[in-house]
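Given next are the chains, with one letter for each unit.
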Amino acid sequence: MSTESNYYVPEQSRLPIMAATGMGVMAYGAGSWVQGSSAMVFLAGALIMAFTLYTWFSTVIKENMAGMNSDQLKRSYVWGMGWFIFSEVMFFACFFGALFYVRVLVLPWLGGEGGFSSNTLLWEGFEPAWPLMTTPDMVANGEAAQFKGPDQNMSFPGWDKLFTWLPLWNTVVLMTSSVTVHMAHTALKNHNRTKFNAWLGLTVLLGAFFLVLQVEEYIHAYQHMGLTLESGIYGTTFFMLTGFHGAHVTMGTIMLLIQFLRGLKGHFTHDDSFGFEAASWYWHFVDVVWVGLFIFVYVLA
């Protein structure tokens, strides 16, 4: 079946509409959750998506194991994953662009640079310093008021506290996982399934450990630093960038876990391993995004 002349066309399925429904419910639920409503709608959407993806991936895996996928169809999978990763690049580019816009352009304008008088029209005495962790209030009774914000941020704490700085350990863990997933790929190409499973299993553990460290970082930020989503534009951009990255790490870890379980069942060969390769491409992308986050959100904050 895996010839150029045989293009396998799957039967009609309700899975695409189920995926769209799940994503819509998740988006609505997330918006409501942020506004103070219950998280149940978001969780319902997440369950719909989980069931849909499990069913869909299972079907695709069974079709491939049955030899139904032609070379042309396999190329379409490669292109599909490539465009998906490109869309993710554009997604994070928007957030990095917002951070750049605020830091490099908006703050100087609000501070009165470049001939702008925003510091007198909007918030008299506004100081254009980054990180901006207080949100200036409207001018009332002729006096500029400000909401109280935290006096700490997640930037580089100094060499004396380097080895207790969680973002550094997050970086070490994630960069190490990029090496281990590459080692797994190399082992598979060398027909060494034992090493493939070992390196891939270690990668999954490192991904889970990264998430544990990020949860600890968030707990520290909220409980000990007072740094929240409402802590000015700094808090907003910080949690949006790192939070969405954490969501992508979660998805990537699940993807690699599925490939690990498949590897234990003997699914992959050195010349038929796109499921694992796609997951590893995504994982490398997640690692590259974190490097950008570490530099621009933590080190240069």
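Up top is the structure.
Quick look at the structure, then. (Residues numbered from 1 in each chain as written. Predicted model: local features only at pLDDT ≥ 70, side-chain atom pairs only at ≥ 80, totals over all residues. Heavy atoms only, no water.)

Some details on the overall build of the protein chain
Next up, step 1: Helices and strands together make up the secondary structure of the protein chain, namely eight helices and zero strands.
Next up, step 2: Of the regular secondary structure in the protein chain, the N- to C-terminal order runs α-α-α-α-α-α-α-α.
Next up, step 3: When the 301 residues of the protein chain are sorted by exposure, 37% land in the buried category.
Next up, step 4: Of all intrachain contacts in the protein chain linking residues separated by at least 6 positions in sequence, the fraction that spans at least 24 positions is 70%.
Next up, step 5: Accessible surface computed for the protein chain: about 17,300 Å², of which carbon and sulfur atoms make up 68%. (Helix = DSSP H or I, 4+ residues; strand = E, 2+ residues; numbered from the N terminus. Buried < 20%, exposed > 50% of the residue type's maximum accessible area, 1.4 Å probe, protein only. Contact = heavy atoms within 4.5 Å. Areas by Shrake-Rupley, 256 points an atom, 1.4 Å probe, with all protein chains shown as cover.)

Here's the deal with the packing of aromatic side chains
Next up, step 1: Evaluated as defined, the whole model comprises 26 aromatic pairs.
Next up, step 2: On the basis of an interplanar angle of 85 degrees and a centroid distance of 5.4 Å, the ring pair of phenylalanine 91 and phenylalanine 92 is categorised as edge-to-face.
Next up, step 3: Judged by its relative accessible area of 27%, phenylalanine 91 falls in the partly exposed class.
Next up, step 4: A connected cluster of aromatic rings, assembled from ring pairs, spans Trp165, Phe210, Tyr218, Tyr222, Tyr234, Phe238, Phe239, Trp290, Phe294 and Tyr298. (Phe/Tyr/Trp six-rings, centres within 6.5 Å; stacked < 30°, edge-to-face > 60°.)

Some thoughts on helix 3 (residues 71-110)
Next up, step 1: End to end, helix 3 covers 57 Å across 40 residues, agreeing with the expected 58 Å (1.5 Å per residue, within 8%).
Next up, step 2: The axis of helix 3 is deflected most strongly, by about 35 degrees, at valine 102. (Expected span 1.5 Å × (residues − 1). Bend = angle between axes of the 7 residues up to and from the residue.)

As for the pattern of salt bridges
Next up, step 1: By the definition in use, this model includes two salt bridges.
Next up, step 2: Of the charged contacts in the structure, one is a salt bridge between aspartate 272 and lysine 74, with a shortest N-O distance of 3.9 Å. Here lysine 74 lies in helix 3 and aspartate 272 lies in the loop between helix 7 (232-264) and helix 8 (274-299), a separation of 198 residues in the sequence.
Next up, step 3: Note that glutamate 277 and lysine 189 form a salt bridge whose closest N and O atoms lie 3.2 Å from each other. Highlighted residues: glutamate 277 in helix 8 and lysine 189 in helix 5 (residues 166-189), separated in sequence by 88 residues.
Next up, step 4: Residue classification places glutamate 277 among the buried residues on the basis of a relative accessible area of 15%.
Next up, step 5: Residue lysine 189 is classed as partly exposed on the basis of its relative accessible area, which comes to 36%. (Salt bridge = Lys/Arg side-chain N within 4 Å of Asp/Glu carboxyl O.)

Observations concerning the environment of leucine 200
Next up, step 1: Among the structural elements, leucine 200 can be located in helix 6 (residues 193-225).
Next up, step 2: With relative accessibility at 0%, the residue leucine 200 sits in the buried group.
Next up, step 3: Placed 80 residues apart in sequence, leucine 200 and serine 280 show a C-alpha to C-alpha distance of 9.7 Å.
Next up, step 4: Other than its neighbours up to four places away in sequence, leucine 200 contacts Ala184, Leu256, Gln259, Phe260 and Phe276.

Here we look at the packing of helix 5 against helix 6
Next up, step 1: Where helix 5 contacts helix 6, the two axes come as close as 8 Å, and the packing angle between them is 165 degrees. By the angle between their axes, helix 5 is roughly antiparallel relative to helix 6. Where helix 5 crosses over helix 6, the two elements pack in a sense that is left-handed. (Axes fitted to C-alpha atoms, helices over the stretch in contact; angles between N-to-C directions. Parallel < 35°, antiparallel > 145°, perpendicular 65-115°, else oblique. Left-handed = near helix turned anticlockwise from the far one by under 90°.)

A few points about unusual backbone geometry
Next up, step 1: Phi at histidine 191 is positive, roughly 65 degrees, even though this residue is not glycine.
Next up, step 2: With respect to the helices, strands and loops of the structure, histidine 191 is situated in the loop between helix 5 and helix 6.

Nothing here speaks to function; it is all geometry.
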